[in-house]
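# A look at the structure
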Amino acid sequence: MADGLTTTLNGLINKLSGLAIPADLSLWQLALPAWFLVCFGVFYWYVFGRRSPFSVDSLRRKGPTEMNMSKRDEVLKKAFSEGRVPKGLDAIVIGSGVGGLTVAALLAKVGKKVLVLEQHEQAGGYCHSYTEKGFQFDIGLNYVGQLHENSLDRVAFDQITEGQLDFVNLGEPFDTIYIGQGQTQRKYTIYTGKTEMEAHLKKQFPDDTEAIEKFFQVMKVCARKTHHLACLKLIPRWLALFLLKTGIADVLSSVYRYSSMSHTAWLDQLTSNKDLHTIFSYFFYGVPPKDSSLYVNALLIHHYKRGAYYPKGGASEIPYHISNTIRNYGGEVLVSAPVRRILLDKNGAACGVVVGNSDSEVEVKAPIVISNCGLFNTFKNLLPPQISMKHEIQERLHRVKPGRGSFIVFCGFDATAEQLDIGPTNIRLYKDNDMNKMMDRYFNMYKDEAPDNVPMMLVTFPTAKDPTAKLRCPGKSCMTLVTMVNYEWFEEWKDMPVTKRGDQYLQYKTRFAKHMFDWACLHFPKLKEKLVFQEVYTPLSNSHFLGAYQGSMYLQHNLDLFDPVFMAKNRCDTPVKNLYLTGQDVFSCGISGALHGGLLCASSVLNHILYWDLLFLKKKLKKAKAKQDAQQAKKKLH
Ligand SMILES: Cc1cc2nc3c(=O)[nH]c(=O)nc-3n(C[C@H](O)[C@H](O)[C@H](O)COP(=O)(O)OP(=O)(O)OC[C@H]3O[C@@H](n4cnc5c(N)ncnc54)[C@H](O)[C@@H]3O)c2cc1C
Ligand SMILES: *[C@@H]1O[C@H](CO)[C@@H](O)[C@H](O)[C@H]1NC(C)=O
């Protein structure tokens with residue numbers, strides 16, 4: 001490409017010099033076209049002149065799902081040893097969540113030698129699945145949106161998995177929401193579809209059609225203009241802050257306003273219908289809607305507008321295929337490799353990491369270090385204290401808080417979906433329609449009150465979503481119940497060994513689990529008799545298995561986190577040279593959030609905005625698809 005550009009430019013210069021320049025043409029009249037040419041040249045080089053990780057050729061024909069467990073383990077559970085570290089590393093990635101694997105695959109695809117180090121015994125982070133007694137459970141993936149053909153996320157996923165991922169559409173309705181208890185309980189359903197989602201809500205709230213219209217307008221702006229927020233992390237920090245502080249940014253895009261606007265405050269102007277308030281913030285993440293950003297809540301609902309999807313084969317298909325890509329391009333993913341410290345050279349730049357436990361520490365060197373293990377872990381635990389104390393790092397740490405912990409109950413049944421009357425639709429339960437009051441009350445409860453007063457819950461059936469589950473767990477079904485809890489409720493057991501936390505801990509977490517299971521049984525009465533397996537995952541499990549800081553699922557997704565000025569400051573590059581951040585702490589939580597964390601991070605590392613390349617590829621694929629469709633239509637006609 002660069003050669004092509006040189007020839008074109010040379011040709012142009014020859015032509016220009018061949019022209020007889022009139023003597024009266026002033027210098028500045030020439031300057032304008034010359035300036036234009038330079039700009040064009042720079043743009044051309046920026047977009048096409050460099051190696052891109054994206055190409056149509058990197059897609060392979062989809063292979064069958066790997067069912068052989070030992071073969072899967074070879075990919076997902078390759079343990080760390082010094083001998084397995086590739087020679088001549090260009091980058092080390094700490095953590096193998098979607099955010100870490102994404103940036104690793106992108107760098108590997110442009111020829112960098114990368115090593116991913118994961119502390120757990122399996123790669124994937126929140127996206128890993130575990131199997132026990134013939135049941136397979138996912139930790140942090142229930143359903144993902146924006147994966148319809150040729151969507152940006154879908155194209156990105158295809159590129160980092162060489163086209164090997166397959167997603168199942170959950171169908172309609174993908175979510176059912178119950179608000180209230182007993183006789184007065186109300187049921188609402190959520191449909192996908194460009195127009196159907198809105199139309200279906202209007203049908204259920206006939207007196208609030210105007211409020212719904214307004215919300216959907218905001219949703220559209222938020223979804224279409226998300227790149228304006230992402231840009232803040234890609235352009236130079238001083239420029240981003242200048243645009244925001246002078247108010248120029250607000251003139252350019254309304255998304256900056258929505259991101260710093262309280263969800264409840266905005267909605268209060270539209271409607272007093274509390275059920276509708278609940279619907280518009282029904283994806284709970286531990287922050288009451290009054291303290292959450294309108295932008296995020298709108299984006300979350302928009303996320304599923306074009307369909308809710310589940311990866312065929314389970315969540316671990318995602319790390320499985322991305323890890324394969326990394327290895328196909330010369331990189332490596334090694335587990336049981338807890339990173340203890342980030343190494344700095346004499347100029348204070350990151351130059352490697354220390355891996356292992358206290359009795360066997362190994363140094364691994366690379367000129368670039370990328371952390372996927374979150375803002376708190378990276379800045380507080382992996383850097384020397386004198387570096388953590390730097391103003392810019394402290395400033396970032398002070399603005400954010402660890403979010404609530406997740407509490408998950410995994411249940412296994414000796415019966416099929418048909419026998420249990422369960423399906424792919426997710427159920428969301430809320431005891432009350434005042435989310436603000438309900439969450440404030442719950443999170444302020446005494447430790448002993450909380451287990452019997454869980455106010456909200458997600459009920460989901462992974463085996464019913466995935467047609468291949470029948471092969472993996474024949475005759476069996478799985479259910480996952482999710483709610484949120486305070487870390488403090490569990491903190492007293494935090495230093496005890498993972499399997500020996502004692503009876504009190506067991507009793508305490510079982511009280512939550514029982515309450516939640518009984519609540520689910522009100523909606524699915526056949527579950528009770530067929531239950532044969534139950535395991536409970538608390539914030540302490542989250543700390544143990546995923547190294548989560550204070551057991552939290554995410555950073556607290558409150559208004560502070562989405563304040564545009566903070567967004568501009570919370571970027572992939574850090575005050576430590578050659579140290580970068582990826583994953584959900586960079587932009588937002590979610591599988592898609594972590595994916596974009598990886599895209600943003602790779603853009604920062606390569607100093608090349610990869611979104612351009614991705615958009616070009618998306619256009620190309622769309623065109624090819626349209627052509628193919630037209631040909632097929634023609635064939636049918638004949
Ligand atoms: C219960 C639950 C349900 C969810 N449901 C959904 C959903 O339905 N849809 C959706 O889109 N999102 C969902 N999410 C959110 C989503 O799973 C996460 O936002 C996303 O996967 C985070 O990816 P990540 O790469 O940023 O981080 P993680 O997946 O957390 O990866 C970080 C990795 O770093 C490793 N690590 C930490 N410290 C070290 C160290 N010192 N050395 C080496 N490795 C280290 C960890 O072990 C971990 O593997 C859910 C989350 C939870 C908890
Ligand atoms: C599964 O894979 C392992 C290792 O590759 C192989 O030894 C074994 O025979 C395979 N099992 C089956 C049932 O194919």
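What counts, and where the lines are drawn
Counting from 1, residues in each chain are numbered in the order their sequence is written. Starting at A for chains and at 1 for ligands, labels are handed out in the order in which the entities are written. Owing to the predicted nature of the model, reporting of local features is limited to residues with pLDDT of at least 70; listing and counting of side-chain atom pairs is limited to 80 or more, with chain, interface and lining totals taken over all residues. To obtain the side-chain values, all non-hydrogen atoms of the structure were included, while hydrogens and water were left out. Whether two aromatic rings pair depends on their centres lying within 6.5 Å, for rings of Phe, Tyr and Trp, where Trp uses its six-membered ring; planes under 30 degrees apart make the pair stacked, over 60 edge-to-face, and the rest tilted. Per the convention used, a helix needs a DSSP run of H or I reaching at least four residues, while a strand needs a run of E reaching at least two, with both numbered from the N terminus. Note on exposure labels: buried denotes an accessible area under 20% of the residue type's maximum, exposed denotes more than 50%, and partly exposed covers the range between, all computed with a 1.4 Å probe on protein chains only. By definition here, charges over rings are those cases where NZ of Lys or CZ of Arg is within 6 Å of the ring centre and within 35 degrees of the ring normal. Here the rule is simple: two strands pair whenever DSSP picks up at least two bridges between them. Only the stretch in contact is used when fitting a helix axis, every axis being a line fitted to C-alpha atoms; angles between N-to-C directions are given from 0 to 180 degrees. Residue ranges assigned to the domains are those given by an automatic or database domain assignment. We call two residues in contact when some of their heavy atoms are within 4.5 Å. Here the buried area means the combined drop in accessible surface, using a 1.4 Å probe, for two parts upon being joined, counting both sides. Salt bridges, as used here, are contacts in which a Lys or Arg side-chain nitrogen is within 4 Å of a carboxyl oxygen on Asp or Glu. Under the rule applied, a polar contact is a pair of N or O atoms within 3.5 Å (in protein, one hydrogen donor and one hydrogen acceptor; residues adjacent in sequence only if both atoms are side-chain atoms). Only a single heavy atom is needed: when it lies within 4 Å of a molecule or strand, its residue is near that molecule or strand. Under the convention adopted here, Pro, Cys and the residues Ala, Val, Leu, Ile, Met, Phe, Trp and Tyr are nonpolar, Asp, Glu, Lys and Arg are charged, and Gly plus all remaining residues are polar. Without a salt bridge and with relative accessible area above 30%, a residue can belong to a patch; like charges are then joined within 9 Å and nonpolar side chains (Val, Leu, Ile, Met, Phe, Trp, Tyr) within 5 Å. To measure how exposed things are, a 1.4 Å probe is used in the Shrake-Rupley method; for residues, cover is taken only from the protein chains shown. UniProt positions are given in the numbering used here, feature names are shortened, and annotations may be inferred rather than shown by experiment.

### Looking at the packing of aromatic side chains
On inspection of all chains with the given rule, the structure shows 34 aromatic pairs. With a centroid separation of 4.8 Å and an interplanar angle of 35 degrees, the aromatic rings of Tyr143 and Tyr304 are classed as tilted. Of this pair, Tyr143 sits in the loop between strand 4 (135–138) and strand 5 (144–145) while Tyr304 sits in the loop between helix 14 (294–303) and strand 9 (308–311); the two residues are 161 residues apart in sequence, bridging distant segments of the chain. The exposure classification of Tyr143 matches that of Tyr304, with both residues buried. A connected cluster of aromatic rings, assembled from ring pairs, spans Phe407, Tyr442, Phe443, Trp489, Phe490, Trp493, Tyr505, Tyr508 and Phe512. Lying across the ring of Phe443, Arg404 places its NZ or CZ 4.0 Å from the centre. In this structure, Arg501 packs its charged tip against the face of Tyr505, placed 5.4 Å from the ring centre.

### Focus: the sheet that holds strand 13 (residues 360–365)
Taken in spatial order, the 3 strands make up an open sheet running 11-12-13, and their pairing is antiparallel. What marks the edges here is a single partner per strand, and that holds for strand 11 (339–344) and strand 13. Across this sheet, the average inter-strand angle for adjacent strands is 25 degrees, counted without regard to direction. Here strand 11 pairs with strand 12 (residues 350–357) via 5 bridges, running antiparallel. Counted as the bridge partner of Leu343 is Gly352 from strand 12.

### Brief notes about the domain arrangement of the protein
Split into domains, the protein comes out as domain 1 (56–159 + 312–399 + 570–613) and domain 2 (172–306 + 401–551). Inter-centroid distance (C-alpha atoms) of domain 1 to domain 2 is 25 Å. Every contact between the two is made by 41 residues of domain 1 and, on the other side, 52 residues of domain 2. Between domain 1 and domain 2 the total buried area reaches about 3900 Å² when both faces are included, carbon and sulfur atoms providing 62% of it. The largest per-residue losses of area from domain 1 upon contact with domain 2 belong to Phe135, Tyr143 and Arg571, which jointly make up 20% of the total buried on that side. Joining domain 1 to domain 2, the criterion identifies 1 salt bridge. For Arg237, the salt bridge identified is with Glu392, shortest N-O distance 3.7 Å. On the surface where domain 1 and domain 2 come into contact, there are 18 residue pairs in polar contact (both at pLDDT 80 or more).

### Some points on helix 20 (residues 435–443)
For helix 20, the complete set of buried residues consists of Met435, Asn436, Met438, Met439, Tyr442 and Phe443. Elements in contact with the buried residues of helix 20: helix 12 (263–268), helix 13 (274–280), strand 16 (426–430), strand 17 (456–460), strand 18 (477–485) and helix 23 (502–523).

### Considering the site of ligand 2
Around ligand 2, the neighbouring residues are Asn68, Ser70, Lys71 and Glu74. Here Asn68 contributes a side-chain N or O atom positioned 2.4 Å from an oxygen atom of ligand 2. Tallied by class, residues from the shell around ligand 2 come to no nonpolar, 2 polar and 2 charged.

### Structural notes on a nonpolar patch on the surface
On the surface, a cluster of nonpolar side chains totalling about 470 Å² of accessible area is made up of Trp238, Phe242, Ile248 and Leu252. Where the nonpolar patch is concerned, the elements lending two or more residues are helix 9 (237–245) and helix 10 (248–252). Assignment of secondary structure puts Phe242 in helix 9.

### So, the UniProt feature "domain: Amine oxidase" (unreviewed entry) in the protein
Per the UniProt record, the feature "domain: Amine oxidase" (unreviewed entry) sits at residues 99–606. Overall, residues 99–606 shows 40% helix and 19% strand. The separation of its end C-alpha atoms is 16 Å.

### Concerning unusual backbone geometry
Leaving glycine out, the prevailing phi sign among residues is negative, and the prevailing peptide bond configuration is trans. The omega torsion of the bond from Glu172 to Pro173 falls at -15 degrees, within 30 degrees of zero and hence cis. Within the secondary structure layout, Pro173 lies in the loop between strand 6 (167–169) and strand 7 (175–179). Within the chain, Gln146 stands out as a residue other than glycine whose phi angle is a positive 60 degrees. Mapped onto the elements of the fold, Gln146 is located in the loop between strand 5 and helix 5 (152–161). The buried category is assigned to Gln146, whose relative accessible area is 18%. Located in the positive-phi region is Ser336, a residue other than glycine, with phi close to 50 degrees. Here Ser336 shows up in the loop between strand 10 (332–334) and strand 11.

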